[in-house]
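# Per-entry structural report
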Amino acid sequence: MAATRFAAVLERARGLGRAVGAFTCYDLEGFEAVAGSAEAQGAPAIVLISPSSFAAPGGRRLARAFVAMATEASVDLLVQLDHVSDRDQIERAADAGLDAVMADGSKLDYEQNVEFTRTVAGSLRPRGVAVEAELGRVEGHEDRAGPVASGELTDPAQAREFAERTGVDCLAVAIGNVHGHYSGTPRLDFDRLEAITGTPPLSLHGASGLPEPALRRAVALGVAKVNVNTELRAAYFGALRANVDATEEGLDLKALGEATVAAVARVVDSKLAAFGWAPEELRRSA
Ligand code: 13P
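So, here is what we can say about the structure in this document.

How each quantity is defined
- Residues numbered from 1 in each chain as written.
- Predicted model: local features only at pLDDT ≥ 70, side-chain atom pairs only at ≥ 80, totals over all residues.
- Heavy atoms only, no water.
- Phe/Tyr/Trp six-rings, centres within 6.5 Å; stacked < 30°, edge-to-face > 60°.
- Helix = DSSP H or I, 4+ residues; strand = E, 2+ residues; numbered from the N terminus.
- Near = heavy atom within 4 Å.
- Polar contact = N/O pair within 3.5 Å; in protein donor to acceptor, adjacent residues only side chain to side chain.
- Areas by Shrake-Rupley, 256 points an atom, 1.4 Å probe, with all protein chains shown as cover.
- 1 Å grid on protein atoms, 1.4 Å probe; cavity = no way out; pocket = protein on both sides within 12 Å on 5 of 7 lines; lining within 4 Å.
- Sits in = over half its atoms within 2 Å of the grid points.
- Nonpolar A, V, L, I, M, F, W, Y, C, P; charged D, E, K, R; others polar.
- Disulfide = S-S within 2.5 Å.
- Buried < 20%, exposed > 50% of the residue type's maximum accessible area, 1.4 Å probe, protein only.
- Pairing = 2+ DSSP bridges.
- Axes fitted to C-alpha atoms, helices over the stretch in contact; angles between N-to-C directions.
- Contact = heavy atoms within 4.5 Å.
- Points joined across faces, edges and corners; volume = space filled by probe spheres on them.
- Arc of directions from axis to C-beta.

### Some details on the packing of aromatic side chains
Two measures describe an aromatic ring pair: the distance that separates the ring centres and the angle between the ring planes. The tally for this structure, following the rule as stated, stands at two aromatic pairs. With a centroid separation of 6.2 Å and an interplanar angle of 50 degrees, the aromatic rings of Tyr110 and Phe162 are classed as tilted. One end of the pair, Tyr110, is in helix 6 (residues 110-124); the other, Phe162, is in helix 7 (residues 156-166), with 52 residues separating them in the sequence.

Next up, the structure:
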């Protein structure tokens, strides 16, 4: 049996040849878009909280609200603190009842990353909190979009050793993927991905801007979790821009909020479809 609920959800998705979508949410509108889309498609999903949101005033309150709302969902909806390297924040995430943390030791050298990840996993997993780690470097900023070039790629032999020594539930790979906007045409190293695939389940960060066939191929090659943020933010801003004039006169914040939820949900729908969850006919019309 899987050690954590997070690991069980990823394993079940892998068993179906699908991947679990993980979507960064900054507010209740973002959460509603992800929860509504996942429920409509009968798909599990992960709500990601960026470390800057979590550390901001009200961040822990927001995290607790996400955890409480996730329990109401009709699908497996998990909450994960993304890309955190601060041990205090990791402990706070566990205390706030989050399902998982992404313990990011990718800026450390290899041995330090092993030690950091092993210690976090040893502390959190017995408490049912899953740990995802990163090997190689997924470059780019998690909250601000800009053109980004690929960083150091994951070494397949090192990935196996890293997984054995740390006992993580999930490993984020660097195969040409970046956070934010790809500078130039994205090129994923699928041979490398194939060589890494095995235990533990793999995650692909930086899905925004990757063409759908590339996402489908990554999932077919064994990626169990795919992270999306930038495209959700782009949809959110687009909806604000498109609807603010019509709603401003009546100061109709509710209508503005509904427009953003609908726009973000359309992106989540299309990503979940690419990860194997929704048949074409279930897609909402744009
Ligand atoms: P994008 O912003 O490029 O979609 O990446 C999201 C991500 O990987 C969050 O960890």
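### Some details on the site of the ligand
Around the ligand, a shell composed of 13 residues is seen, among which Asp82, Gly206, Ser208, Asn229 and Thr230 lie nearest. Contact between the ligand and Asp82: an oxygen atom at 2.6 Å from a side-chain N or O atom of the residue. In isolation the ligand offers 310 Å² of accessible surface; the protein chains occlude 99% of this area. Using a 2 Å cut-off from the grid points, one finds that the ligand occupies the largest cavity. For the shell around the ligand, the secondary structure elements donating two or more residues are strand 3 (77-84) and strand 10 (223-228). When grouped by side-chain class, the residues that make up the shell around the ligand number three nonpolar, nine polar and one charged.

### As for the state of the cysteines
Enumeration over the complete set of coordinates arrives at zero disulfides. The thiol of Cys170 is unpaired, and the distance to the nearest cysteine sulfur, on Cys25, comes to 18 Å. We classify Cys170 as buried; its relative accessible area is 0%.

### So, the sheet that holds strand 10
An order of 1-2-3-4-5-7-9-10 is seen for the eight strands of this closed barrel, with the pairing classed as parallel. Strand-to-strand, the axes of this sheet are offset by a mean angle of 30 degrees, without reference to chain direction. Relative to strand 2 (residues 45-49), strand 1 (residues 20-24) runs parallel, the two being bridged by four bridges. For Gly21, the partnering residue across the bridge sits in strand 2 and is Ala45. Packing against the sheet, helix 9 (residues 212-220) makes contact with strand 9 (202-204) and strand 10, and its axis sits at approximately 145 degrees to strand 10.

### So, empty space enclosed by the protein
According to the stated counting rule, one finds one cavity of 30 Å³ or more in the structure shown. Roughly 130 Å³ of volume is contained in the largest cavity. Lining the largest cavity are 16 residues, and of these His179, Gly206, Val228, Asn229 and Thr230 lie nearest its centre. Elements represented by at least two residues in the lining of the largest cavity include exactly strand 10 and helix 10 (230-248). Residue composition of the lining of the largest cavity, grouped by class: four nonpolar, nine polar and three charged.

### A look at helix 9
Given 3.6 residues per helical turn, the α-helix brings residues three or four places apart onto the same face. For helix 9, the set of buried residues is Ala214, Leu215, Ala218 and Val219. Along the long axis of helix 9, the arc covered by the buried residues comes to 135 degrees, so they all point the same way. Helix 9 presents Pro213 and Ala220 as exposed residues on the side facing more than 90 degrees away from its buried surface. Phi turns positive, to about 115 degrees, at Gly222, one or two residues after helix 9.

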